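Overview (structure and organization)
These are the residues of each chain, in order.
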Amino acid sequence: MFLPFFDNLRRANVPVSLREFLAFLEGMKAGLATYDIEAFYFLARAIMVKDERHLDRFDQAFAATFEGLEHIPDSAVMDAVDVPADWLTKMAEKHLSAEEKAEIDALGGFDKLMETLKKRLEEQKGRHQGGSKWVGTAGTSPFGAYGYNPEGVRIGQNESRHQRAVKVWDKREFRNLDDSVELGTRNIKVALKRLRRWARDGADEELDLHGTIRKTAEKGYLDVQTRPERRNAVKVLLFLDVGGSMDPHIKVVEELFSAAKVEFKHLEHFYFHNCLYEGVWRDNRRRWNAQTPTWEVLRTYGSDYKCIFVGDASMSPYEIAYPGGANEHMNPEAGSTWLARARDQWPNHLWINPLPEKYWPYTQSIEMIQDIFGADRMVPMTLSGIERGMKVLT
């Protein structure tokens with residue numbers, strides 16, 4: 001009965017194998033999630049999702065597979081399925097009060113139990129409006145829709161109204177982690193974490209637990225030891241394209257820049273427009289009167305820096321290929337000359353392009369920069385693209 005679920009997972013590009021699906025079936029056979037739909041969901045997810053990037057796809061496949069089960073009437077289920085007695089006993093534990101179960105034990109055991117349970121299931125035949133007990137609408141029951149309960153479970157309602165539900169079955173929590181979407185504040189750090197080299201530096205501010213235990217044991221009294229905090233020791237040089245065709249990408253580039261500043265202690269950044277030329281700048285308000293010569297940047301930052309260019313690489317081919325080709329000033333040397341110098345100075349280099357990758361073949365300047373840097377060293381600004389780029393830099 002779970003084969004459609006497996007098929008939907010494969011269609012949603014969740015890389016689930018037959019071995020994992022069989023493990024899921026073994027878990028179900030062992031009774032790990034027999035009576036609890038939430039446990040069933042988490043069991044399936046824990047076994048068949050190996051990467052957090054696929055959580056959203058799993059949720060979509062799960063919803064597509066099991067959508068509509070809530071509309072099957074109880075009578076149809078009872079008529080179509082020979083329900084095991086232990087299942088009914090579990091249902092009785094959920095539906096009957098302690099007084100009712102005590103009464104059943106006194107009045108006749110299992111037969112009376114079945115009669116009382118059937119009566120309880122038949123009491124709610126259709127839609128229920130208001131109240132505090134049944135699954136319905138506009139009431140105070142913890143289960144239902146369009147009502148109010150401070151800690152409820154929202155069922156069958158297309159949007160939140162009071163922001164009080166503690167669980168929403170069809171809410172997809174990890175949408176921004178899909179590796180096919182453009183980066184946002186929430187997931188940029190996930191991609192940048194691949195570029196890490198830990199080292200301890202700074203003042204002794206972090207508690208050294210093992211050192212404290214060792215010194216305390218040696219001296220016979222509490223001797224608190226501290227040590228420098230562990231920080232990412234990778235050095236990053238960031239060149240950011242601004243203006244013109246980059247205007248539509250300002251938000252995502254700002255988010256990338258902000259995340260990089262948090263992630264990398266040793267981060268230096270400069271701005272450029274379209275292509276690298278003889279001058280770069282740190283403040284866009286002073287781009288014409290406070291430029292830093294590119295030669296100075298090349299001499300200042302050693303080859304141990306990871307060099308990352310961020311830009312759409314969309315410009316006139318003349319801006320790359322010829323002296324005087326820049327659209328804002330007279331450049332004595334071609335942009336390709338400066339890009340080649342940067343490539344040679346920083347062997348660990350990368351170009352991150354916010355333009356969707358499917359459009360790259362239609363822009364000649366993108367192909368020209370790929371020829372200079374290497375095709376594998378230009379990646380799209382998506383989660384998978386950034387992760388790919390971090391692997392190249394390492």
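Residues numbered from 1 in each chain as written. Predicted model: local features only at pLDDT ≥ 70, side-chain atom pairs only at ≥ 80, totals over all residues. Heavy atoms only, no water.

As enumerated under the stated definition, the model contains 25 aromatic pairs in all. Consider the rings of phenylalanine 5 and phenylalanine 62, whose centres lie 5.7 Å apart with planes at 85°: the pair is edge-to-face. With phenylalanine 5 in helix α1 (residues 3-11) and phenylalanine 62 in helix α4 (residues 55-66), this residue pair connects regions lying 57 residues apart in the sequence. Given a relative accessible area of 4%, phenylalanine 62 falls into the buried group. (Phe/Tyr/Trp six-rings, centres within 6.5 Å; stacked < 30°, edge-to-face > 60°. Helix = DSSP H or I, 4+ residues; strand = E, 2+ residues; numbered from the N terminus. Buried < 20%, exposed > 50% of the residue type's maximum accessible area, 1.4 Å probe, protein only.)

For the rest of this paragraph, the subject is the environment of histidine 349. Here histidine 349 lies in strand β12 (residues 349-353). By relative accessible area, histidine 349 is classed as buried at 5%. Separated by 28 residues in the primary sequence, histidine 349 and arginine 377 place their C-alpha atoms 7.1 Å from one another. Those residues in contact with histidine 349, other than ones at most four positions away along the chain, are Cys307, Arg343, Phe373, Arg377 and Leu393. (Contact = heavy atoms within 4.5 Å.)

You can see aspartate 223 is positioned in the loop between α10 (209-219) and β6 (226-232). In this structure the side chain of aspartate 223 is engaged in a polar contact, spanning 2.8 Å, whose partner is the side chain of lysine 219. With residues up to four places along the chain from it excluded, the contact list for aspartate 223 reads Thr212, Lys215 and Thr216. (Polar contact = N/O pair within 3.5 Å; in protein donor to acceptor, adjacent residues only side chain to side chain.)

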